[in-house]
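Read off the chains here:
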Amino acid sequence: MTTSWADSVDNSAKASVRPTRSAYVPPHLRNQKLSSEPPAVAASYSSSAAASDHVSYGGPAAGSHGGISSKPDFGRQGYGSNAQIGGGSGGGGWNARGIARDRGRREVNPFEKDEPVDQSLDEQENTGINFDAYDDIPVETSGDNVPPPVNTFAEIDLGEALNQNLQRCKYVKPTPVQRYAIPISLAGRDLVACAQTGSGKTAAFCFPIISGIMREQYAQRPRVARTAFPMALILAPTRELSCQIHDEAKKFSYQTGVKVVVAYGGAPINQQLRELERGVDILVATPGRLVDLLERARVSLQMIRYLALDEADRMLDMGFEPQIRKIVEQMDMPPPGMRQTLLFSATFPKEIQGLASDFLSNYVFLAVGRVGSSTDLIVQRVEYVLESDKRSHLMDLLHAQRENGVHGKQSLTLVFVETKKGADALEHCLCVNGFPATSIHGDRSQQERELALRSFKSGNTPILVATDVAARGLDIPRVAHVVNFDLPNDIDDYVHRIGRTGRAGKMGLATAFFNESNLSMAKPLSDLMQEANQEVPAWLTRYAARSSYGGGNRNRRSGGARFGGRDFRKEGSFNKGGDYYGGTGGYGVPGNYGGGYGQGVTSAWD
DNA sequence: AAAAAAG
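In this text the structure is predicted, and so the values were computed from the model without any measurement.

Criteria and cut-off values
- Residues numbered from 1 in each chain as written.
- Chains lettered and ligands numbered in written order.
- Predicted model: local features only at pLDDT ≥ 70, side-chain atom pairs only at ≥ 80, totals over all residues.
- Heavy atoms only, no water.
- Phe/Tyr/Trp six-rings, centres within 6.5 Å; stacked < 30°, edge-to-face > 60°.
- Helix = DSSP H or I, 4+ residues; strand = E, 2+ residues; numbered from the N terminus.
- Buried < 20%, exposed > 50% of the residue type's maximum accessible area, 1.4 Å probe, protein only.
- Axes fitted to C-alpha atoms, helices over the stretch in contact; angles between N-to-C directions.
- Parallel < 35°, antiparallel > 145°, perpendicular 65-115°, else oblique.
- Left-handed = near helix turned anticlockwise from the far one by under 90°.
- Contact = heavy atoms within 4.5 Å.
- Near = heavy atom within 4 Å.
- Polar contact = N/O pair within 3.5 Å; in protein donor to acceptor, adjacent residues only side chain to side chain.
- Nonpolar A, V, L, I, M, F, W, Y, C, P; charged D, E, K, R; others polar.

Honestly, the packing of aromatic side chains in this entry has me stumped. Any pointers?
Where two aromatic rings form a pair, the distance of their centres and the angle of their planes describe that pair. Tallying each qualifying case throughout the model produces 11 aromatic pairs. Between the aromatic rings of F514 and Y543, the centroid separation amounts to 5.4 Å while the plane-to-plane angle is 50 degrees, which identifies the pairing as tilted. With F514 in strand β14 (residues 508-514) and Y543 in helix α20 (residues 538-549), this pair connects stretches of sequence that are 29 residues apart. On the numbers, 6.3 Å between centres and 85 degrees between planes, the contact of W539 with Y543 is edge-to-face. Of this pair, W539 and Y543 both sit in helix α20, 4 residues apart, which is roughly one turn of the helix. Assessed through its relative accessible area of 12%, Y543 is described here as buried. Three or more aromatic residues link up through ring pairs in this structure, and these residues are Y384, F514, W539 and Y543.

Listed below in structure tokens is the structure:
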């Protein structure tokens, strides 16, 4: 295994002596005899000097809190066998006493893996937070009697145990989506929340759920041997995301007695079954494995009080909808009104909102405009690259990053491709050419997927080639660059993909390769970039103009998505022309906003 | 058309 970028490039230089594959040749050495080591000429990006004004793309931690790169990882490296199944107090569902009881298993401290944070640094960082900018964030709510937002966690008063966990998580002040969503949820209302990636959504739905379960601590649950009766169900579209939510929820529920269990496919089911038998209050799951568990009658949904769908628009799109309907409507889950339903996503097309309304009862719609966390911290670039030139162009970019020193151990590049096959091919190509890459996609085993993610996060392989499996929700610190090697066909997917960078208050760069096969994306992409105050190349504007008359109004954003979204109940249902969208809005939130986050505090944003 | 999610 290569251990660092430099090592691997060295190796490639040596390897290139062998008459094997065509090794990558940096631009300045092409058509020359390959010498041992490329001279230290800093290759620079080919275009858009303006971009470098925004993103000082010349060093690690390009964001304004420069040198402080260590951020508590919250122990998420434990995707493997230990974390999600491990620990927690026993007791449980078929114990007539409601909440999980401690059966003598010591609850693992989910915070102990966190990197120790230098207190003085922490303090200094926290005072730099520009909380005033919160007030400028556009928020729209609609529905009957919407509970008012709060400004502090203290106003919510979640109780001693949860307050302590807030502190352990270093959450000082609620993020906008939390300010609104938590009171709404605590009031028992159903909720559709549209808030951009990295805006603190997980905590926004977890805290009310945990708090509610604690209040119903003594609710009677049926005794059925080997059947678990969770009170809350959280569904997510990918296994890795369900792990991540589980890890977060473990922290939020530490020492509350509320037991969180995760279940997903690709991993041995027996361990998950054992964990369920020990009792579960909150079940985090992917749909396929949950259906399996329901059919085996190892899980019953009849005690469900809370249902949360993360990435809800994805959960209700064509691929997932039947499974979700089966779980929500055709098993033993209480109907809307008898349970509380919370839907969260960064994007929410109105057609999908229509489907979602089947699951909801008198819900509140919440849209939070861009919150300074994500898209205004992302510099977006589009480059015209022929299909046949993509690989060499990508390697030029990667090489330039290395020359510029960006690829320190902590600076990561995430490359999205369209197909699983394409991911394998590109990974292989990069490795052969000496770039330390790995890949993640649905044809790899779960073990391989988790290994790839760990290796990427740790910086061992600072390049990750991925399909859309990695597009949504994953919080990977230090991703400095997202490359859309193949553009997606849906602008929402693009939004989710680029949201993997620009996190934790750091700047991020997103580069897209565009060519004739992406014509349908010209208009939506150029509109999106324009709304985000990005520099749109003239050639892209021309493509956009050309594509707009031709037919398909593919640009669902054109209508009125300047905001964080709009409640589809306010418009004629199912008409085209508006999308619900919590990503880039055309808002002038000052660009300096992201600069002052504290490292611990920013982690509240997912 | 592809990806994800059960085995």
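Moving on from the coordinates now.
Explanation requested: the packing of helix α18 (residues 491-498) against helix α19 (residues 519-531) in the structure shown.
Packed helices, taken two at a time, are described by their axes: the angle between them and the distance between them. Running from N to C, α18 and α19 point in directions that differ by 45 degrees, and their axes come no closer than 10 Å. As far as their axial angle goes, α19 and α18 are oblique. Crossing of α18 against α19: the hand is right-handed. Of α19, the residues touching α18 (which contributes I491, Y494 and V495) are M521, P524, L525 and L528.

Would you mind going over unusual backbone geometry with me for this structure?
Both trends apply: most residues other than glycine have a negative phi, and most peptide bonds are in trans. The residue N145 is not glycine, and still its phi comes out positive at about 45 degrees. With respect to the helices and strands, the residue N145 is situated in the loop between β1 (139-142) and α5 (153-156). Classification of N145 by relative accessible area gives exposed; the value is 71%.

Got a minute to help me understand the protein's contact with DNA strand B in this structure?
G265, G288, R289, K420 and G442 are the nearest of the 23 residues found near DNA strand B. Measuring from a phosphate oxygen of DNA strand B, one finds a backbone N or O atom of R239 at 3.3 Å. For the surface near DNA strand B, the leading source of residues is helix α11 (residues 287-295), giving 4 residues. Its residues placed into classes, the surface near DNA strand B shows 5 nonpolar, 12 polar and 6 charged.

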